[in-house]
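Overview (structure and organization)
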Amino acid sequence: MSEHIVSPKIYILIFAALMILTITTVYAATVDLNAHFAGLNVIVALLIATCKAVLVILFFMHAYYSSKRTKLIVFAGFFWLAIMLSLTLGDYGSRSWDVH
Amino acid sequence: MSTTPPKPPGYQLPEEHYLNATYGIRSWLLTTDHKRIALLYLASVTFFFFIGGIFATMIRIHLLTPAGYLVTPETYNKLFTMHGVAMIFFFLIPSIPAVLGNFLIPLMIGAKDVAFPKLNLLSWYIYITGGCFVLYSFATGGLDTGWTFYTPLSSVYSNSAVTPAVIGIFINGFSSILTGLNFVVTIHTMRAPGMTWFRLPLFVWAQYSTSIIFILGTPVIAITLLLAGLERMFHLGFFNPALGGDPILFQHLFWFYSHPAVYIMILPAMGVISEIIPTFARKPIFGYTFIAASSIAIAVIGFFVWAHHMFLTGESTYAALAFSLLSYLVAIPSAVKVFNWTSTLYKGSISYDTPMLYALGFIGLFLIGGLTGLFLACLGLDIHIHDTYFVVAHFHYIMVGGAVMGYVGGLHFWWPKITGKLYPEFLARLAAVILFVGFNLTFFPQFILGYLGMPRRYHNYPPEFQVLNVMSTAGASILALGYLLPMIYLTWSMRYGKVAGRNPWPATGLEWTTASPPLTENFDVTPVVDWEPYDYKNRPDLGLQTPTAPTLAPAHGDD
Amino acid sequence: MHRTGELSGQFQTLEQQKESATLGMWLFLSTEILFFGGLFLTYTINRHTYADVFSYSSRTIKLSWGAINTVVLIGSSLTMAMSVWSAEVGKKKLVTFFLIATLVLGGVFLGIKGIEYHDKFVEHHVPGLGFDMYYCTKNPGACNLRPEDLQKERVELDELTKKMGGETAVNANSQLFFSLYFGMTGLHALHMIIGAGLLLWLIKQSMAGRFTTQYNTPVENVGLYWHFVDIVWIYLFPLLYLIDRH
């Protein structure tokens, strides 16, 4: 599974990308993006966090070079999380639709 | 039609097997042999079954009279709570996976052991630790929140020993997770040469699906109970409306695990039935791929339906609609299984040995349990029967009629493999019939009671419900006899039973090719599999009579 | 994860053993996703319900510490990845070096976390009977805050109190925020401590020269765990520190 050895060069590149994203997210939080679109600040923060997480999973954790099975497990973990979040939030989000 | 194939005389127990390889308490408590760990689990889940059974008995005696004279209302609350906690978390969830799964998965796939034997033993110790906490809670004030631990009752108002119980169940969760993890890795990496995915016994497929739920569901109940426990201990407000929290959120989190947990209980039982039916119908199972896929489908779809437990709690109508619809979907893979089992029976050469009686009983009871589940998934009807005895009857048909029937049937089916001895066939059949009758007498009246409006968890009821309640209690006493009998004769048979031989039924699985009881390493040499599963037609090595071509029934002139 | 890298009895080949260990680790991590997931869900719903109080409470945490810790933790992930690489190419001394570096960075992270917890303790922001969001503004000098920050906090707090209709509501809801803050960062820190224990175990073995190009599964698996803990922090940082900083 880890027959492929990832070179330090890639690790350092990824680290640099993660640093840049960290700076971006801190900077983005100080700008009022919500003025343009409600909740944009959160969306941007979470998008950046997801980019970082994906980089860590793919390269630091070697998922990019791993078997389909490993990828499936990663996918399953996040998919189940998505089930939990989306269906629960679906309930909360649609309560205000109720007509009385 | 001969029932049990005649045993050639002169079967001998193997000289050395896993039971007599080493002796002494240490050799059991420090064992890493999956078969011995299975027996450790067998003893401990039986213990919890007894504890839960005692509470159930007291509940049923209390409900003999409308006013309920046996215990106080407070004690009654504790009885049904402790019955649920002991039965669900410490008997039903570990029963088939940890006992039969542990024993059989390596044998069925041709491996020497599970992938992580030490982790396997650790799982048992975690289970025991969690069990001790829960027993401590039972002994020091009991537990009265219902097994569901709804907040803020559990986190603020209850005066019973909630904290140790929550800690115990939290700990026990890790036992489930590690068992599931061990099984998935074992099934992926430890299969013998030739044992392809579609040659795996359906029991293994069922265990694999169950393990998915263990791995992805259990952590959610762990964190939920952790939060509820913290809320109780430190007066926090996650789920307490008085402090700004949201009790419905607790229910969402709780049922995200606890609904799929129902499939943890029933899926392995379905796996057992899929083994028993072809063996005693002497036919390849009908629709192997569909049964395997339906196990996975139940495990996945089972995660999409949880909020049907919350139709009356104030969740949004639109979410309730979606969950109602999704709940119907689970019926599809379940029905696929039932249809395939019945199709397997069609034109089979059926013999009514004890395991087969359990399997046939399972199909009928599961059918009733499953179909009444559709009533409950129906949004409008659920408002009428929510939290009544209809629900109680429904889930007992699934859990007792389904899961426990499967477990006891499986125990009989593999008992010759586990102990090397045969149980007394007549007594066993008698017990199976007693169980079936007792079960139906106990729980069928509860459907009617619920439909007439008797709410669950109440310690008394109006006098007009007494006849049905007395019937139910009478059934429970028969049911108790049905459980005691196997416990007695199975124990008896360990010493005095006839020697079983490798393959007493005979059946096609890999586990039947090794000695009974198996060696510590399971097989003399690593087996190589070059046959298809359940291929009763092309297995001369089983010593079955040459299958006669299916002759058409002689015409009687009426068709 | 066999200690000596020899073949355990239940396996046929070393590859099978390695494959099993790695698969087991990934499955364990998928469990962890759902474990933290329950907390993230609780957080999301409460944050949505009490948006104003949550964003105010978030601003009372020092951004600088959180940002520094993010850098430290990602740095430790880099050193962890480097130790895996060193093991794979058989540089035994480098393995030990990078493992120690990871441990040190992990220690720095926990130390900073300790400082932050201490600050919150001083400011009476720890959930419990002593919890009081107004403690610092009512007792100037008791908290380690600059006068201009204190003034800013007072203005914001007054505004929030008016909006929420009283101090009780503000306290109750921000206590929810801090319960989640301590719950999430605490659980994360617990994972870090467990990770540090695993690193110590690895360092001991690495010093004995156990890890070779043939046998490095433990380094790799602890690495997977460590990176996972890093990912949790990558989400915790924006969720807890970066709500409406503008």
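In this text, all values refer to a predicted model and were calculated from it rather than measured experimentally. (Residues numbered from 1 in each chain as written. Chains lettered and ligands numbered in written order. Predicted model: local features only at pLDDT ≥ 70, side-chain atom pairs only at ≥ 80, totals over all residues. Heavy atoms only, no water.)

Points about the overall build of chain A
- Each helix and strand in chain A was counted, giving three helices and zero strands.
- Reading chain A from its N terminus to its C terminus gives the helix and strand order α-α-α.
- Over its C-alpha trace chain A gives a radius of gyration of 18 Å, far above what one expects of a compact globule, namely 13 Å for 100 residues.
- Principal axes of the C-alpha set define a box for chain A whose edges measure 65 × 35 × 10 Å.
- When contacts within chain A are restricted to residue pairs at least 6 apart in sequence, those whose partners lie at least 24 apart make up 55%.
- Of the accessible surface of chain A, which amounts to about 5,300 Å², a share of 77% is contributed by carbon and sulfur atoms.
- Looking at charge distribution, chain A has the averaged site of its 6 positive side-chain charges lying 18 Å from that of its 4 negative ones. (Helix = DSSP H or I, 4+ residues; strand = E, 2+ residues; numbered from the N terminus. Rg over C-alpha atoms; globule rule 2.2 N^0.38 Å. Contact = heavy atoms within 4.5 Å. Areas by Shrake-Rupley, 256 points an atom, 1.4 Å probe, with all protein chains shown as cover. Lys, Arg positive; Asp, Glu negative; His and termini not counted. Charge placed at Lys NZ, Arg CZ, Asp CG, Glu CD.)

Some details on the domain arrangement of chain A
Residues and elements named next belong to chain A.
- The domain boundaries assigned to chain A delineate domain 1 (1-66) and domain 2 (67-100).
- A straight line from the C-alpha centre of domain 1 to that of domain 2 covers 22 Å.
- Taken together, the contacts link six residues of domain 1 with six residues of domain 2.
- Together domain 1 and domain 2 conceal approximately 440 Å² of surface at their shared face, both sides included; 64% is due to carbon and sulfur atoms.
- The tally of links from domain 1 across to domain 2 stands at zero salt bridges.
- The tally of links between domain 1 and domain 2 comes to zero residue pairs in polar contact (both at pLDDT 80 or more).
- Classifying every residue of the side of domain 1 that touches domain 2 by side-chain character gives five nonpolar, one polar and no charged. (Domains from an automatic or database assignment. Buried area = accessible area lost by both parts, 1.4 Å probe. Salt bridge = Lys/Arg side-chain N within 4 Å of Asp/Glu carboxyl O. Polar contact = N/O pair within 3.5 Å; in protein donor to acceptor, adjacent residues only side chain to side chain. Nonpolar A, V, L, I, M, F, W, Y, C, P; charged D, E, K, R; others polar.)

Side note on the interface of chain C and chain A
- Every contact between the two is made by 45 residues of chain C and, on the other side, 46 residues of chain A.
- Summing the contributions of chain C and of chain A, the shared interface buries around 3,900 Å²; its carbon and sulfur component is 82%.
- Summed over the three residues of chain C that lose the most area to chain A, namely C:Trp26, C:Tyr235 and C:His246, the buried surface amounts to 16% of that side.
- Run the count over chain C and chain A and you get one salt bridge.
- A:Arg69 is the salt-bridge partner of C:Glu19, the closest N and O atoms lying 2.6 Å from each other.
- Elements with a contribution of two residues or more to the side of chain C that touches chain A: α1 (14-49), α3 (63-89) and α8 (217-241) of chain C.
- With 16 residues, the top contributor of residues to the side of chain C that touches chain A is α1(C).
- Looking at the side of chain C that touches chain A residue by residue, the classes come out as 27 nonpolar, ten polar and eight charged.

Considering a negative patch on the surface
- Taken together, the side chains of B:Glu15, B:Glu16, B:Glu521 and B:Asp524 present a region of like negative charge at the surface.
- Positionally, B:Glu521 belongs in the segment after α15 (466-496). (Patch = residues over 30% accessible without salt bridge, like charges linked within 9 Å, V, L, I, M, F, W, Y side chains within 5 Å.)

Observations regarding the state of the cysteines
Residues and elements named next belong to chain C.
- Counting across every chain of the model gives one disulfide over all chains.
- Cys 136 shares a disulfide with Cys 143; S-S distance 2.0 Å. Taking the sign of the S-S torsion, about -85 degrees here, the bridge from Cys 136 to Cys 143 comes out left-handed.
- On the basis of relative accessible area, Cys 143 is assigned to the buried category, the value being 8%. (Disulfide = S-S within 2.5 Å. Buried < 20%, exposed > 50% of the residue type's maximum accessible area, 1.4 Å probe, protein only.)

A look at unusual backbone geometry
Residues and elements named next belong to chain B.
- With an omega dihedral of -5 degrees, the bond running from Thr 151 to Pro 152 counts as a cis peptide bond.
- You can see Pro 152 is positioned in the loop between α4 (117-139) and α5 (153-157).
- Its identity is not glycine, yet Asp 387 carries a phi of approximately 55 degrees, on the positive side.
- Here Asp 387 is to be found in the loop between α12 (379-385) and α13 (389-419).
- At Asn 522, a position not held by glycine, the phi torsion is positive, near 75 degrees.
- Structurally, the position occupied by Asn 522 is in the segment after α15.

Quick notes on the pattern of salt bridges
Residues and elements named next belong to chain C.
- One pass over the structure, following the stated rule, counts 15 salt bridges over all chains.
- Arg 146 serves as the salt-bridge partner of Asp 149, at 3.3 Å between the closest nitrogen and oxygen.
- Relative accessible area serves as the criterion here: at 28%, Asp 149 is assigned to the partly exposed category.

Considerations on helix α4 (residues 92-122) of chain C
Residues and elements named next belong to chain C.
- The first and last C-alpha atoms of α4 sit 45 Å apart over 31 residues, in line with the 45 Å expected at 1.5 Å per residue.
- Taken together, the buried positions of α4 are Val 95, Thr 96, Phe 98, Leu 99, Thr 102, Gly 106, Phe 109, Ile 112, Lys 113, Glu 116, Asp 119 and Lys 120.
- For α4, the elements touching its buried residues are α3, α7 (167-207) and α8.
- In the segment just after α4, His 124 is the residue with positive phi, at about 60 degrees. (Expected span 1.5 Å × (residues − 1).)

Description of α13(B)
Residues and elements named next belong to chain B.
- Along its length, α13 shows its largest kink, about 45 degrees, at Phe 413, and proline Pro 416 lies within four residues downstream of that point.
- Counting buried residues along α13, 30 of its 31 residues qualify, which places the element largely inside the surrounding structure.
- The N-terminus of α13 is capped by Thr 388, whose side-chain oxygen sits 3.1 Å from the backbone nitrogen of Phe 390.
- Positive phi shows up at Gly 420, right after α13, with a value of about 80 degrees. (Bend = angle between axes of the 7 residues up to and from the residue.)

Description of the side chain of A:Ser66
- Within the secondary structure, A:Ser66 sits in the loop between α2 (40-60) and α3 (68-94).
- A polar side-chain atom of A:Ser66 sits 2.7 Å from the main-chain carbonyl oxygen of A:His62.

Considering the interface of chain B and chain C
- Contacts between the two partners involve 32 residues from chain B and, on the opposite side, 31 residues from chain C.
- Carbon and sulfur atoms make up 72% of the area that chain B and chain C hide from each other, which totals about 2,700 Å².
- Across the contact surface, chain B and chain C share zero salt bridges.
- Seen at the junction of chain B and chain C, the total is seven residue pairs in polar contact (both at pLDDT 80 or more).

Observations regarding the packing of aromatic side chains
- A complete count under the given rule lists 72 aromatic pairs over all chains for this structure.
- Ring centres 5.4 Å apart and planes at 80 degrees place the aromatic pair B:Phe47 and B:Phe48 in the edge-to-face group.
- Through a chain of ring-to-ring contacts, the aromatic side chains of C:Tyr43, C:Phe54, C:Phe109, C:Tyr117, C:Phe131, C:Phe177, C:Phe178, C:Tyr181, C:Phe182, C:Trp233, C:Phe237 and C:Tyr241 assemble into a single cluster.
- B:Arg36 extends its terminal NZ or CZ atom over the ring of B:Trp28, reaching a point 4.2 Å from the ring centre.
- In this structure, B:Arg539 is placed above the aromatic ring of B:Trp531, and the distance from its NZ or CZ to the ring centre is 4.3 Å. (Phe/Tyr/Trp six-rings, centres within 6.5 Å; stacked < 30°, edge-to-face > 60°. Lys NZ or Arg CZ within 6 Å of the ring centre and 35° of its normal.)

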